[in-house]
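A look at the structure
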Amino acid sequence: EEEEEDVFTIKQNGVPIEFVVGAKVEVLYDDQEWYPGEICSYTETTGKFRFKLTEGSNTRFAEWLPNDDIRLVGYKEIKDPSEANPNAITPGGPPVKTKLEQEVDAEQKADGK
């Protein structure tokens, strides 16, 4: 019995999409150019996906999705909720700051730090 591939779901440009590890992406690099890459893996503990660029550099890095600098190219657009995979995983994003941490940040901003 084949193990089901994990399907992930995020919103890209406000539209729900589903994708799997191995999906093709485009990555906005420091030189403001988009480079092809793919998703290598997902780490549940951090909620981050590992990516590698597939042309030239072979750079690897980990990021959260959705991300303004990473566009999924290989995905399924969910036009209607009935099309959505009920088992799709919504990846954990950056840790949500507690209210206290947010207040500390706000105070530091106010102090001009």
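Reference entry: report on the structure contained in this document. In this text, all values refer to a predicted model and were calculated from it rather than measured experimentally. (Residues numbered from 1 in each chain as written. Predicted model: local features only at pLDDT ≥ 70, side-chain atom pairs only at ≥ 80, totals over all residues. Heavy atoms only, no water.)

1. A short note on the pairing of strand β5 (residues 48-53)
- Alternating positions in β5 separate cleanly, Phe49, Phe51 and Leu53 being buried on one face and Lys48, Arg50 and Lys52 remaining unburied on the opposite face.
- In terms of strand pairing, strand β4 (residues 34-43) meets β5 through six bridges, oriented antiparallel. Paired with Thr43 across the two strands is Lys48, which belongs to β5.
- Counted between consecutive antiparallel strands, the loop separating β4 from β5 contains four residues, among which Gly47 sits at a positive phi close to 75 degrees.
- Alignment of β5 against strand β6 (residues 60-63), held across four bridges, turns out to be antiparallel. Within the sheet, the bridge partner assigned to Lys52 lies in β6 and is Arg60. (Buried < 20%, exposed > 50% of the residue type's maximum accessible area, 1.4 Å probe, protein only. Helix = DSSP H or I, 4+ residues; strand = E, 2+ residues; numbered from the N terminus. Pairing = 2+ DSSP bridges.)

2. What to know about the sheet that holds β6
- What the five strands build is an open sheet, ordered β6-β5-β4-β3-β7; its pairing is antiparallel. Of all strands in the sheet, those bounded by a partner on one side alone are β6 and β7 (70-72). The average undirected angle you get between the axes of adjacent strands in this sheet is 40 degrees.
- Inspection of the sheet shows strand β3 (residues 24-28) paired to β7 by three bridges, in the antiparallel sense. The partner of Val25 across the bridge, within β7, is Leu72. (Axes fitted to C-alpha atoms, helices over the stretch in contact; angles between N-to-C directions.)

3. A word on the nonpolar core
- Counting 16 residues, the largest nonpolar core has Phe19, Val25, Ile39, Phe49, Phe51, Leu65 and Leu72 as the members making the most contacts within it.
- Listing elements by their share of this core, those giving two or more residues are β1 (7-12), β2 (15-20), β3, β4, β5 and β7.
- Per-element tally for this core: the top contributor is β5, with three residues. (Core = buried A, V, L, I, M, F, W, Y, C linked by side-chain atoms within 4.5 Å.)

4. So, the side chain of Glu38
- Mapped onto the elements of the fold, Glu38 is located in strand β4.
- Within polar-contact distance, the side chain of Glu38 engages the side chain of Lys24 at 3.0 Å.
- Every residue in contact with Glu38, bar those within four places of it in the chain, is listed here: Gly22, Ala23, Lys24, Val25, Arg50, Phe51, Lys52 and Thr54. (Polar contact = N/O pair within 3.5 Å; in protein donor to acceptor, adjacent residues only side chain to side chain. Contact = heavy atoms within 4.5 Å.)

5. Comments concerning the packing of aromatic side chains
- In the structure shown here, the tally under the stated rule is eight aromatic pairs.
- On the basis of an interplanar angle of 50 degrees and a centroid distance of 5.6 Å, the ring pair of Phe19 and Phe49 is categorised as tilted. Of this pair, Phe19 sits in strand β2 while Phe49 sits in strand β5, and the two are 30 residues apart along the sequence. Here Phe19 and Phe49 have matching classes, each one buried.
- On the numbers, 6.5 Å between centres and 50 degrees between planes, the contact of Phe49 with Phe51 is tilted. Both residues of the pair, Phe49 and Phe51, count as buried.
- Taken together, the ring pairs in this structure connect Phe8, Phe19, Tyr42, Phe49, Phe51 and Phe61 into an aromatic cluster.
- When the ring centre of Trp64 is taken as origin, the NZ or CZ atom of Lys48, which lies over that ring, is 4.5 Å away.
- We note Arg71 situated over the ring of Trp34; from NZ or CZ to the ring centre the distance is 3.7 Å. (Phe/Tyr/Trp six-rings, centres within 6.5 Å; stacked < 30°, edge-to-face > 60°. Lys NZ or Arg CZ within 6 Å of the ring centre and 35° of its normal.)

Bear in mind that shape data such as this cannot, by itself, settle questions of function.
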